[in-house]
Structures are given as structure tokens and as C-alpha cells.
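# A look at the structure
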Amino acid sequence: MPITDSHCHFDFAAFGPAWGLGGKQERAAHWQRAQAVGVHRLVIPGIDSVQWPLLPRLCGEHQGLYYALGLHPWWLEEAVTDWPQQLAFALERAVADPLCVAVGEIGLDKHLSVPQNLQEEALITQLKLAQQFKLPVILHSQGTHDRLLKWLRLYPVIGGVVHGFSGSLQQAEAFWQLGIHLGVGGTITYARANKTRSAIAAMPVEALVLETDAPDMPLSGFQGQPNHPQLLPLVLSALAELRQMDEASLALQLEQNVDQLFGWSCG
């Protein structure tokens, strides 16, 4: 059953150095581990300007890897002053690259010391870029679903995914009404995550895509260990059990969903 990891920070040091032959070989070994269990595609979200020139090359080295370009709110304070111009230039070059599939990871985080108005200014800038380049968005939201929904209504995009969704059914429905998929990851493997599990179980299956957020967001039973895309089948199994669906049928639908999200013509 081929499945896609729609959100994995595969360029992080947990998978090997960013530069050099050693890093390429180490990352290839990690990718082979994921492929061995059926993960045939993986999307690496962009987080800061240093990373933007690296991702096209990295994804070109390993078949099945794709990327997005964006400024994550966690890296906003460290960003160069002219980051909007740099990102626009990077997207202008990448929009013709079939390996570039989205603008992201962008969004809001109420737990950051970065003032909310600055986070929202950065979000709006990037939503406008997504509109300009006709790309979906990969969204980060920590305690900010309602604020994020407000800006998505004001600056609608062609689609997207709120990654690592953790929220209520009402919020899930509101995202889906705007064409925003829900990224389903390790959260649903925790029995205590009742609100999120209930929301994911009640949503149309067409609204869902799989993710790991590796090396972050560990699954239940793997706490304290770096997450890995090879664990994505466990997320699939947890989702199939939650929704009382056959895994093979569910995997097929999820592949159709991620194809639609990122504009892939086939699974």
C-alpha cells in the first residue's frame, strides 16, 4: 500500500548533515527504510531563508521527495529583513519545478514570544504569495485555529493542509469548508487525545492526509525517540481503527486526497 508523508522535516540533522556526500548517503539510508514499508512520497516543508536554496537540490537527489518554501513563525525573529522579497524570488524560480508543491510551513503560534501582529503580518504576506503563484499552503497552528481561519477567509488560497491537526470538530469542518485538508499524525495514537480523535473520526475521509512531522511529534509508545517516516504505516493503522475502515481502502483514498492537495496527477 503506497502512502505519502505529507509533512516531514527530512532535511533536519536527525536524518544527516545538510551538505556533503556523507549527508546524502545517510539520508538515502533513512529514505530506503521508509520506502521499505510503503512510503513512496514525502513533502519537506520550508522553514527559513537559509533552507530555501537547499531544498530543490536535496529533493532532486532522492526520487519521491518534494518540498515547500515558507517562513515558519518559530524562525520569524531570526529572519533577514528582506525575507519577503527573498521568498518571492525563490518561489518565482521554484514554481516551474514539479518538486515544489506548496508555500509553507507558515502560520501562527500563540505560545511564541513573537508578537501576534508580527506573526499575522508574515502569514498574510505568504498567503498573498500563495495566491500569486497559485500554490496550496502548509499551515502551522498552535492554539490559533480561529485566528488562522479568519485570515484564510480574507485571503483565500487554492487549497492546503493544517498540519498536525489538533482541535475540535467545528474547527475541522471550518478548515475543510475552505478547502484546507487536515494533517493526521501521531496525535491520534494517544488515547487521551479525545477531542482530536473524535473530530478526525467524524470528518469526511476526503478531508484527511497522513503525516509524521518527523523527527518531531512521536507516536504513542515511541516517546523520547526521534520520529521517522517509516512509522507512517502505524498512523495509517491507528486511523483505520479509529474510523473502522479497511487499511487498504483507506490508504487508497488518502493517496487520492494528497494527489488532489498537491496537484499530483496520479498516485
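Residues numbered from 1 in each chain as written. Predicted model: local features only at pLDDT ≥ 70, side-chain atom pairs only at ≥ 80, totals over all residues. Heavy atoms only, no water.

Let us now look at the environment of Ile 188. Inspection of the secondary structure puts Ile 188 in the loop between strand 7 (180–184) and helix 7 (194–202). Classification of Ile 188 by relative accessible area gives buried; the value is 2%. Along the backbone, Ile 188 and Gly 164 are 24 residues apart, and their C-alpha atoms lie at a distance of 9.6 Å. (Helix = DSSP H or I, 4+ residues; strand = E, 2+ residues; numbered from the N terminus. Buried < 20%, exposed > 50% of the residue type's maximum accessible area, 1.4 Å probe, protein only.)

Right, let's talk about the pairing of strand 2 (residues 39–44) for a bit. Counting buried positions along strand 2 yields 5 of 6 residues, so the element is predominantly enclosed. In this structure, strand 1 (residues 3–5) lies alongside strand 2, joined through 3 bridges in parallel fashion. Opposite Ile 3, over in strand 2, you have Val 39 as the bridge partner. Alignment of strand 2 against strand 3 (residues 65–69), held across 3 bridges, turns out to be parallel. The residue bridging Leu 42 from the neighbouring strand is Leu 65, located in strand 3. (Pairing = 2+ DSSP bridges.)

Bringing helix 7 into the picture now. Every buried residue of helix 7 is accounted for by Thr 196, Ala 199 and Ile 200. Projection of helix 7 onto a plane perpendicular to its axis shows the buried side chains occupying an angular sector of 95°, all on one side. Check the buried side of helix 7 and you find it contacts helix 6 (169–177), strand 7, strand 8 (208–210) and helix 8 (232–243). (Arc of directions from axis to C-beta. Contact = heavy atoms within 4.5 Å.)

Between helix 5 (residues 145–154) and helix 6, the shortest axis-to-axis distance is 11 Å and the interhelical angle comes to 20°. In terms of their interaxial angle, helix 5 and helix 6 are classed as roughly parallel. Remark: the crossing between helix 5 and helix 6 carries left-handed chirality. The residues of helix 6 that touch helix 5, namely those facing His 145, Asp 146, Leu 148, Leu 149, Leu 152 and Arg 153, are Gln 171, Ala 174 and Phe 175. Considered class by class, the residues forming the contact of helix 5 with helix 6 number 5 nonpolar, 2 polar and 2 charged. (Axes fitted to C-alpha atoms, helices over the stretch in contact; angles between N-to-C directions. Parallel < 35°, antiparallel > 145°, perpendicular 65-115°, else oblique. Left-handed = near helix turned anticlockwise from the far one by under 90°. Nonpolar A, V, L, I, M, F, W, Y, C, P; charged D, E, K, R; others polar.)

The nonpolar side chains of a soluble globular protein tend to be buried, and buried together. By size, the foremost hydrophobic cluster in this structure holds 72 residues, and its most contacted members are Leu 69, Phe 175, Leu 182, Ile 200, Leu 208 and Leu 239. Not counting residues up to four positions away in its chain, the partners in contact with Leu 208 are His 181, Leu 182, Val 184, Ile 200, Met 203, Leu 239, Arg 243, Leu 254 and Asn 257. (Core = buried A, V, L, I, M, F, W, Y, C linked by side-chain atoms within 4.5 Å.)

The subject of this paragraph is the pattern of salt bridges. Under the criterion given, the structure shown has 4 salt bridges. One salt bridge in this structure joins Asp 259 and Arg 41, with 2.8 Å as the shortest N-O distance. Pair noted here: Asp 259 is in helix 9 (residues 247–262) and Arg 41 is in strand 2, with a separation of 218 residues, a long-range link. Ionic pairing is found between Glu 61 and Arg 57, a salt bridge with its closest N-O pair at 3.9 Å. Here Glu 61 pairs with Arg 57, and both are found in helix 2 (residues 54–61), just 4 residues apart, close to one helical turn. Owing to a relative accessible area of 42%, Arg 57 belongs among the partly exposed residues under this scheme. One network of salt bridges, in which partners are shared, links Arg 41, Glu 255 and Asp 259. (Salt bridge = Lys/Arg side-chain N within 4 Å of Asp/Glu carboxyl O.)

Scanning the model with the defined rule gives 7 aromatic pairs in all. Where Tyr 66 meets Trp 264, the ring centres are 4.7 Å apart and the plane angle is 55°; that geometry is what we call tilted. With Tyr 66 in strand 3 and Trp 264 in the segment after helix 9, the pair connects residues that are 198 residues apart, well separated along the chain. Aromatic side chains Phe 262 and Trp 264 sit 5.3 Å apart centroid to centroid with 55° between the ring planes, which places their arrangement in the tilted category. Relative accessible area serves as the criterion here: at 7%, Phe 262 is assigned to the buried category. Judged by relative accessible area, Trp 264 falls into the buried class, the value being 13%. An aromatic cluster is defined as three or more aromatic residues linked by ring pairs; in this entry it consists of Phe 10, Phe 15 and Trp 31. The ring of Trp 151 carries the charged tip of Lys 150 above its face, separated from the ring centre by 4.4 Å. (Phe/Tyr/Trp six-rings, centres within 6.5 Å; stacked < 30°, edge-to-face > 60°. Lys NZ or Arg CZ within 6 Å of the ring centre and 35° of its normal.)

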